[in-house]
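# Structure at a glance
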Amino acid sequence: MTANLALIWPAMMAAFLASLVEAVEALTIVLAVATVRGWRPAGLGALAGFMVLTLIVVALGPLLARVPLHLLQLVIGILLLLFGMRWLRKAILRSAGVIPLHDEAMAFAAETSELREQARRNEARLDWLAGLASFKAVLLEGLEVVFIVIALSAGRGMLIPASAGALAACLLVAGIGFIVHRPLARVPENTLKFAVGIMLSAFGVFWTGEGLGVPWPGADLAIVGFAAMFLAVSGAAIALARRPKVEVLP
Amino acid sequence: MRALANVFRELAGLFVDDGALALAIVAIVVLAGIMAALMPDAPLAAGAVLLFGCLGVLLSNAVRAGRR
């Protein structure tokens, strides 16, 4: 293992928190499908999505090992910057009240209502459509998890800690969802997205710089400094983006 | 064909939400790459452009979105 603790813990935590967000979103849709059409199409769709994800990882893993390290770090770094800063921007705008917070209960209601509408229109194909909704949710949210795990590993021997973090989050959410049978609306999604956005952006700057041949001061520890800077700038951005409340004069 | 286009749209959506932010990030990376190529003896200059460029882009994009 070539990675040290300064990289392992942030990578593991980022993978865990990001996977928590994605797993909660996937669970909401799978639960909506199960509520409208039962556990069979929901479970089969989710299982099919999981199998496609496994195939992607198995096919992609050996290919990545053949890419030169600097090129891999540069490409992954740029993708991490795009992905992480996109999450961070959204979390900043939500914290500042510019865009509404994501609401799992509302997402569950919308998905359930859409499935019921489909049922009304085409009863015969509903099991198939419901399974497809479950499949798509697991595949799309899972792709984000796979990307995060691969990106955080980026040829530094961190595949196992990052995968362990992601797997722990998925198992935790699946376990809680199985017990409570309700969308996990009380998970602080925006706070998690904010934290993950900061970590992914910090990793993105680090990997991109490494890919360009930048010898970062403090080596891997530089990531912690980058994360602190992204946190400070995000705090400033929230304060500056916040819309002033309009006072109603008597 | 439409399903394939939808998949690509969803995949692109993972990385690009606000086009201006994505373009600005790519521009900063290109700038840092040019710096690294032109000044091989001072690679930290490219790192500084990359780090402070990304922080600046994030701040200005979020503030502009807040004022829109």
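Going by the structure above, here's the rest.
A brief report on the enclosed structure follows. (Residues numbered from 1 in each chain as written. Chains lettered and ligands numbered in written order. Predicted model: local features only at pLDDT ≥ 70, side-chain atom pairs only at ≥ 80, totals over all residues. Heavy atoms only, no water.)

## Quick word on the side chain of Asp18(B)
Looking at the secondary structure, you find Asp18(B) in the loop between helix 1 (2-15) and helix 2 (19-38). Among the polar contacts made by the side chain of Asp18(B), one reaches the side chain of Arg89(A) at a distance of 3.4 Å. Not counting chain neighbours up to four residues away, the residues in contact with Asp18(B) comprise Arg89(A) and Asn61(B). (Helix = DSSP H or I, 4+ residues; strand = E, 2+ residues; numbered from the N terminus. Polar contact = N/O pair within 3.5 Å; in protein donor to acceptor, adjacent residues only side chain to side chain. Contact = heavy atoms within 4.5 Å.)

## Structural notes on the packing of aromatic side chains
All names here are of chain A. Evaluated as defined, the whole model comprises 5 aromatic pairs over all chains. Ring geometry for Trp 216 and Phe 226: centres 4.8 Å apart, planes at 75°, overall edge-to-face. With Trp 216 in the loop between helix 7 (189-211) and helix 8 (222-241) and Phe 226 in helix 8, this pair connects stretches of sequence that are 10 residues apart. Phe 226 matches Trp 216 in its accessibility class, with the two residues each being buried. Of the aromatic side chains, those joined through ring pairs into one cluster are Phe 83, Trp 87 and Phe 147. Over the ring of Trp 87 we find Lys 193, and its NZ or CZ is 4.9 Å from the ring centre. (Phe/Tyr/Trp six-rings, centres within 6.5 Å; stacked < 30°, edge-to-face > 60°. Buried < 20%, exposed > 50% of the residue type's maximum accessible area, 1.4 Å probe, protein only. Lys NZ or Arg CZ within 6 Å of the ring centre and 35° of its normal.)

## Brief notes about the environment of Ile29(A)
Residue and element names in this part refer to chain A. In this structure, Ile 29 sits in helix 1 (residues 5-37). For the pair Ile 29 and Glu 111, spaced 82 residues apart in sequence, the C-alpha separation works out to 6.6 Å. Apart from residues no more than four positions distant in its own chain, Ile 29 is found in contact with Glu 111, Ala 133 and Ala 137.

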